[in-house]
Number of protein chains: 2
Amino acid sequence: MCQLLGMNCNTPTDVTFSFRGFAQRAGVTDHHEDGWGIGFFEGQGTNADNPQGDDRGLRHFIDHLPASQSPVAELIGRYPIKSRNVIAHIRKATQGVVALENCHPFVRELWGRYWMFAHNGDLKNFAPRLHASFKPVGSTDSERAFCWIMQELAKSHAAMPSIAELSITLRELAAQVASHGTFNFLLSNGQALWAHASTHLCFVERRHPFTHASLSDEDLSVNFAELAASTDRVAVVVTAALTRNENWTAFAPGELKVFESGALTAW
Amino acid sequence: MCQLLGMNCNTPTDVTFSFRGFAQRAGVTDHHEDGWGIGFFEGQGTNADNPQGDDRGLRHFIDHLPASQSPVAELIGRYPIKSRNVIAHIRKATQGVVALENCHPFVRELWGRYWMFAHNGDLKNFAPRLHASFKPVGSTDSERAFCWIMQELAKSHAAMPSIAELSITLRELAAQVASHGTFNFLLSNGQALWAHASTHLCFVERRHPFTHASLSDEDLSVNFAELAASTDRVAVVVTAALTRNENWTAFAPGELKVFESGALTAW
């Protein structure tokens, strides 16, 4: 089974701490050795072309080497890229060979925004008609599911809808795909993070008052109280809890949760 | 003006030597400081999912920092990623603010393949109707031109045509865009490298017998005769010649050249 990591924040935050523990799961504390990937949405604040200050830029790193041996992963662990929406994935191949084009997260453009998707699980007999403009490049069930979701979103809405409306559509689409097998996924367009669980997914919200956290996979602790401002809010969604001393909440099967500005929304 | 670098080879080759000289042009030997990017197509050879051994995977790095200061550029210079099709770009902003979403190369998927595009120049009054599934995320004329080319390719061919057929269509489309201004561009889908010049573009073909080459921008020489096998062929396309002692051929204005397996084709 693959491993997922998502982060959604109200202020650009570096993912170095969480990514360190997460990357250990590729071949050191666990055996997910068939590639990995991470994507960061980034903005340069408000400007004439982007008065909302939306995070439209996307930095995307994938590697077919295990994350624990990858020079690119080593760079990410060292270079504190700050982002409000991050998705990372470590692959244990179930469908599709070990190849760069099969590494998550996958990226497509819709309505003038990049969308990034990563999946954990296994879909059986999932061969939807892909008649529109989203076709898989690789050979995974995951990319096929992502292309179908993009196609159906494009059919359901003429232009970018609100996060609340998108969440309603995504909940319907996720249930259809999930009927074919295990469909834990993370999706982001730089505005929100959608997380759907069939089996394993849990999340934590970090906010004032911040505390110490100790990684489960490596002997490393961090005191967020020293690093974070009192208004910072960070939500982390992951396959298995990353820290020993925080309150991780498990998703119920079939649940789609939506995170905005570092907090779980009511959508 | 921006700087373009493209490489097309018959065997996966690392771009470290050419990229070193090229990256110096961002803020050291020249003043292109508004971001940069590079993309590498990669395959893992033939396998059950990919009997042709096509290079379907894409590694894509962009940064809004100058290439001469970017830790990501430093990684690329050090870590020899091998590829048969590479496109790199250093940006000097003419249209669109300095932001990650405005860094080239841009990437889209069409017919189950990634396409990568980088542009040098400036287009005036270029506002084509983008009614289909390719919309710009950033605010550059370059990404607009790329989206329009993808849209028109998708309209002209139902599925992936041959390189020769694609080249005929691209030649017609490039001429239409070029009527709006300077349109030097590089485009690749992992099979071929298309290069179009309005003003400045030149290329060199490296093949047996290989010789010494000295970078124009840095005090560095390499003896390709020691590094390359006698069957290796590499074509390099660039805005301004990278080396002092090789025969660079300039493009004529309006010319679209197509490179496959490290050599100029007849298309």
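What comes next concerns the included structure.

Basis of the calculations
- Residues numbered from 1 in each chain as written.
- Chains lettered and ligands numbered in written order.
- Predicted model: local features only at pLDDT ≥ 70, side-chain atom pairs only at ≥ 80, totals over all residues.
- Heavy atoms only, no water.
- Contact = heavy atoms within 4.5 Å.
- Buried area = accessible area lost by both parts, 1.4 Å probe.
- Salt bridge = Lys/Arg side-chain N within 4 Å of Asp/Glu carboxyl O.
- Helix = DSSP H or I, 4+ residues; strand = E, 2+ residues; numbered from the N terminus.
- Nonpolar A, V, L, I, M, F, W, Y, C, P; charged D, E, K, R; others polar.
- Axes fitted to C-alpha atoms, helices over the stretch in contact; angles between N-to-C directions.
- Parallel < 35°, antiparallel > 145°, perpendicular 65-115°, else oblique.
- Left-handed = near helix turned anticlockwise from the far one by under 90°.
- Pairing = 2+ DSSP bridges.
- Disulfide = S-S within 2.5 Å.
- Buried < 20%, exposed > 50% of the residue type's maximum accessible area, 1.4 Å probe, protein only.

## So, the interface of chain B and chain A
Piece 1. Listed per partner, the contact involves 40 residues of chain B and 40 residues of chain A.
Piece 2. Carbon and sulfur atoms supply 56% of the area that chain B and chain A bury against each other, a total of about 3300 Å² over both sides.
Piece 3. For chain B, the biggest contributors to the area lost against chain A are B:Q44, B:E109 and B:V137; these three give 18% of the whole.
Piece 4. Our count for the chain B to chain A interface comes out at 4 salt bridges.
Piece 5. For A:R59, the salt bridge identified is with B:D63, shortest N-O distance 3.2 Å.
Piece 6. Contributing elements (two or more residues each) for the side of chain B that touches chain A: β3 (57-63), α2 (71-78), β5 (106-110) and β6 (113-120) of chain B.
Piece 7. A per-element tally of the side of chain B that touches chain A places β3(B) first, with 7 residues.
Piece 8. Along the lines of polarity and charge, the residues of the side of chain B that touches chain A split into 18 nonpolar, 10 polar and 12 charged.

## With respect to the packing of helix α2 (residues 71-78) of chain A against α2(B)
Piece 1. Direction vectors running N to C along α2(A) and α2(B) enclose 155°, while the axes themselves pass 11 Å from each other. On the basis of the axis angle, α2(A) is roughly antiparallel to α2(B). Between α2(A) and α2(B) lies a crossing whose hand is right-handed. Facing α2(A), whose interface residues are A:P71, A:V72, A:L75 and A:R78, α2(B) presents B:P71, B:V72, B:L75 and B:R78.
Piece 2. The residue makeup of the contact of α2(A) with α2(B), split by class, is 6 nonpolar, no polar and 2 charged.

## Thoughts on the sheet that holds strand β13 (residues 249-250) of chain B
All names here are of chain B.
Piece 1. Read from one edge of the open sheet, 7 strands run β3-β2-β4-β1-β12-β9-β13, paired in antiparallel fashion. Of all strands in the sheet, those bounded by a partner on one side alone are β3 and β13.
Piece 2. Pairing of strand β2 (residues 36-42) with strand β4 (residues 82-90), which is carried by 6 bridges, proceeds in the antiparallel orientation. Note on β4: the bridge partner recorded for I38 is A88.
Piece 3. In this fold α2 packs onto β2 and β3, with an angle of close to 40° to the strand it touches most, β2.

## Overview of the state of the cysteines
Residues and elements named next belong to chain A.
Piece 1. Summed over all chains, the structure comprises 0 disulfides over all chains.
Piece 2. There is no disulfide at C9, and the cysteine sulfur nearest it, in C202, is 16 Å away.
Piece 3. The exposure class assigned to C9 is buried, which follows from its relative accessible area of 3%.
Piece 4. In this model C103 remains outside any disulfide bridge; the closest cysteine sulfur is found in C2, 10 Å from its own.

## Some points on the environment of A:L170
All names here are of chain A.
Piece 1. You can see L170 is positioned in helix α4 (residues 163-178).
Piece 2. The buried category is assigned to L170, whose relative accessible area is 1%.
Piece 3. Taking C-alpha positions, L170 is 32 Å from N245, a pair spaced 75 residues apart along the chain.
Piece 4. Setting aside anything within four residues of it in sequence, one finds L170 in contact with I149, L153, L187, W194 and L256.

## Details of the sheet that holds strand β12 (residues 234-238) of chain A
Residues and elements named next belong to chain A.
Piece 1. The strand order across the open sheet formed by 7 strands is β3-β2-β4-β1-β12-β9-β13, and the pairing between neighbours is antiparallel. Edge positions in the open sheet fall to β3 (57-63) and β13 (249-250), since each of these has one partner strand only.
Piece 2. The strands that helix α1 (residues 16-24) touches are β1 (3-14), β2 (36-42), β4 (82-90), β9 (202-206) and β12; relative to β1, the one it contacts most, it runs at about 170°.

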